Amino acid sequence: MNYQGILSDIYNESVKKQERGEVANYIPDLAQIDLNKFGMALVDEKGTLYTCGDAKEQFSVQSISKVLTLSLAFRLVGDDLLQRVGVEPSGDPFNHLSLLEQEQGKPRNPLINAGAIVVADILVSQLKNPKETFLEFIQNIANDPSITFDTKVAQSEKKTGFRNYAAAYLIKSFGNLENDVDTVLDFYFHQCALRMSCEQLVNTYYVFANRGKCLQNNPYLDLAQVKRINAIMLTCGFYDEAGEFAFEVGLPGKSGVGGGIVALLPDKFCVATWSPGLNPKGNSKLGMEALEKLTTKTRLSIF
Ligand code: DON
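If you're wondering where the values come from, they're calculated on a predicted model, not measured in any experiment.

A. Seen up close, the overall build of the protein. When helices and strands are counted, the protein shows 12 helices and eight strands. Taking 303 residues into account, the globule formula puts the C-alpha radius of gyration at 19 Å, and the protein, at 18 Å, falls close to it. For the protein, the spread of C-alpha atoms along the principal axes amounts to about 55 × 40 × 35 Å. Here the protein holds 303 residues, and 58% of them are scored as buried. In the protein, once contacts between residues fewer than 6 apart in sequence are set aside, the share between residues at least 24 apart is 69%. In the structure as shown, the protein presents an accessible area of about 12,200 Å², 48% of it carried by carbon and sulfur atoms.

Rendered as structure tokens:
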């Protein structure tokens with residue numbers, strides 16, 4: 001497969017686009033990002049890396065991190081996790097609150113904000129140094145000790161994350177949060193503020209395309225866990241646009257309001273895109289279009 005040629009074609013088509021969506025402005029530090037950035041990286045089953053555009057430039061991964069906290073929590077508590085968070089798509093925006101009230105504080109799935117807050121609570125309870133251990137977990141999978149949090153973005157979100165405070169207090173009121181809200185949200189805002197490039201994202205998320213083993217072939221998750229995490233990405237990774245992403249692209253994946261998307265085809269490849277402009281559902285506009293082109297041009301998708 002000529003992945004490099006295909007990425008170059010997608011790059012050339014994408015950078016001409018005038019309609020790029022809007023940068024997330026509810027987190028002040030993300031509102032500054034240049035709308036014209038565009039990058040892609042893909043790692044194939046042999047571990048060969050292909051890139052185009054701004055693939056080496058780091059950005060705020062935001063909700064893409066929710067897959068990694070879920071993975072670490074799965075390793076630590078296994079299926080007990082499912083007592084506290086469900087695995088059904090919500091059909092609602094990522095920061096919606098009404099289902100949480102109706103369903104007594106048990107979030108629909110771990111990839112909406114409320115679900116990720118419960119997963120963060122589990123990590124805070126389980127780990128002595130949650131932020132450091134989480135960072136080491138990612139650095140080890142990616143074989144890249146330079147990956148770190150952007151504390152300025154974390155602080156920026158702490159000042160404006162009113163809906164996350166509302167969700168956390170609602171969850172706490174139903175008895176589904178063990179730790180205090182500020183401690184849990186401090187961890188959550190840091191995980192969202194991870195800075196990674198498309199290249200670093202594919203080096204990390206390759207583990208989900210490679211049956212739980214990283215590029216250096218060390219095991220991080222067992223096959224049953226990877227199967228489940230990929231299923232959750234497919235059904236819940238794009239919030240109320242998960243159906244549209246499956247329809248257009250046909251891969252499990254996860255987006256973030258920093259404009260990144262990661263997607264993968266088991267045993268074949270892991271791909272990441274970055275274009276900061278978002279569509280009205282909070283997913284990268286050009287990123288979704290680029291991934292639709294990738295699965296159309298390669299004729300490779302889970303379907
Ligand atoms: O909690 C928030 O609202 C952000 N830190 C993350 C949201 C996000 O990335 C949703 N993804 N599309």
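B. Geometry of the packing of helix α2 (residues 66-77) against helix α5 (residues 130-142). Contact pair α2 / α5: the axes reach a minimum separation of 11 Å and the direction vectors enclose 100 degrees. When the axis of α2 is compared with that of α5, the two are roughly perpendicular. Here L68, T69, S71, L72 and R75 of α2 lie close against α5, whose contacting residues are F134, F137 and I138.

C. Structural detail: the sheet that holds strand β5 (residues 194-196). Taken together, the three strands give an open sheet; going across it, the order is β3-β5-β4, and neighbouring strands pair in antiparallel fashion. Here the strands that pair on one side only, and so sit at the sheet edges, are β3 (59-60) and β4 (148-149). Across two bridges, β4 lies against β5 in antiparallel orientation. Within β5, the position partnered with F149 by the bridge is L194. Its contacts with the sheet put helix α9 (residues 198-209) on β3 and β5, and the angle it makes with β5 is roughly 100 degrees.

D. Broad picture of the sheet that holds strand β2 (residues 49-53). Read from one edge to the other, the open sheet built from five strands follows the order β2-β1-β8-β7-β6, with strand pairing classed as antiparallel. The open sheet is flanked by β2 and β6 (253-255), the only strands paired with a single partner. Between one strand axis and the next, the sheet turns by 10 degrees as a mean value, whatever way the strands run. One ladder, built from five bridges, connects strand β1 (residues 39-44) with β2; its direction is antiparallel. Residue pairing across strands places A41 opposite T51, the latter belonging to β2. In the packing of helix α12 (residues 285-298) onto the sheet, contacts are made with β1, β7 (260-265) and β8 (269-274), and the angle to β8 comes to roughly 150 degrees.

E. Quick look at the pairing of β1. Counting buried positions along β1 gives six out of six residues, so the element sits mostly inside the fold. On β1, burial covers both faces: G39, A41 and V43 on one face and M40, L42 and D44 on the other are all buried. Two successive antiparallel strands, β1 and β2, enclose a turn made up of four residues, where G47 displays a positive phi of approximately 90 degrees. Of the strand pairs in this sheet, β1 and β8 are connected by six bridges, and their pairing is antiparallel. Bridged to G39 within β8 is W274.

F. Quick peek at helix α10 (residues 223-236). For α10, which comprises 14 residues, the first-to-last C-alpha distance of 20 Å matches the rise-based estimate of 20 Å (1.5 Å per residue) to within 8%. Buried within α10 are the following residues: Q225, V226, I229, N230, I232, M233 and C236. The arc that holds the buried residues of α10, viewed along the axis, is 160 degrees, so those residues lie on one side. On the buried face of α10, the contacting elements are α2, α9, α11 (242-248), β6 and β7.

G. Region of interest: α2. The end-to-end C-alpha distance of α2, which contains 12 residues, comes to 16 Å, matching closely the 16 Å that a straight helix rising 1.5 Å per residue would cover. Of all the 12 residues making up α2, 10 are buried; the element is thus mostly covered by neighbouring parts of the structure. Those residues of α2 lying buried are K66, V67, L68, T69, L70, S71, L72, A73, F74 and V77. On its buried side, α2 packs onto α4 (113-126), α5, α8 (181-192), α9, α10 and β6. Count one or two residues on from α2 and you reach G78, which has phi positive near 60 degrees.

H. Seen up close, the pattern of salt bridges. Inspection of the entire model under this criterion finds 17 salt bridges. As a salt-bridge pair, K158 and D186 come within 2.7 Å of each other at their nearest N and O atoms. One end of the pair, K158, is in helix α6 (residues 151-160); the other, D186, is in helix α8, and 28 residues separate them in sequence. Among the residues examined, D186 registers a relative accessible area of 18% and is labelled buried. The salt bridge involving E289 is made with K285; its shortest N-O contact spans 2.8 Å. With E289 and K285 both in helix α12, this residue pair falls four residues apart, about one helical turn. Note on E289: relative accessible area 24%, which makes it partly exposed. For K285, a relative accessible area of 22% translates into the label partly exposed. In the salt-bridge network here, residues are joined through shared partners; they are E13, K293 and K297.

The rules behind each value
- Residues numbered from 1 in each chain as written.
- Predicted model: local features only at pLDDT ≥ 70, side-chain atom pairs only at ≥ 80, totals over all residues.
- Heavy atoms only, no water.
- Helix = DSSP H or I, 4+ residues; strand = E, 2+ residues; numbered from the N terminus.
- Rg over C-alpha atoms; globule rule 2.2 N^0.38 Å.
- Buried < 20%, exposed > 50% of the residue type's maximum accessible area, 1.4 Å probe, protein only.
- Contact = heavy atoms within 4.5 Å.
- Areas by Shrake-Rupley, 256 points an atom, 1.4 Å probe, with all protein chains shown as cover.
- Axes fitted to C-alpha atoms, helices over the stretch in contact; angles between N-to-C directions.
- Parallel < 35°, antiparallel > 145°, perpendicular 65-115°, else oblique.
- Pairing = 2+ DSSP bridges.
- Expected span 1.5 Å × (residues − 1).
- Arc of directions from axis to C-beta.
- Salt bridge = Lys/Arg side-chain N within 4 Å of Asp/Glu carboxyl O.

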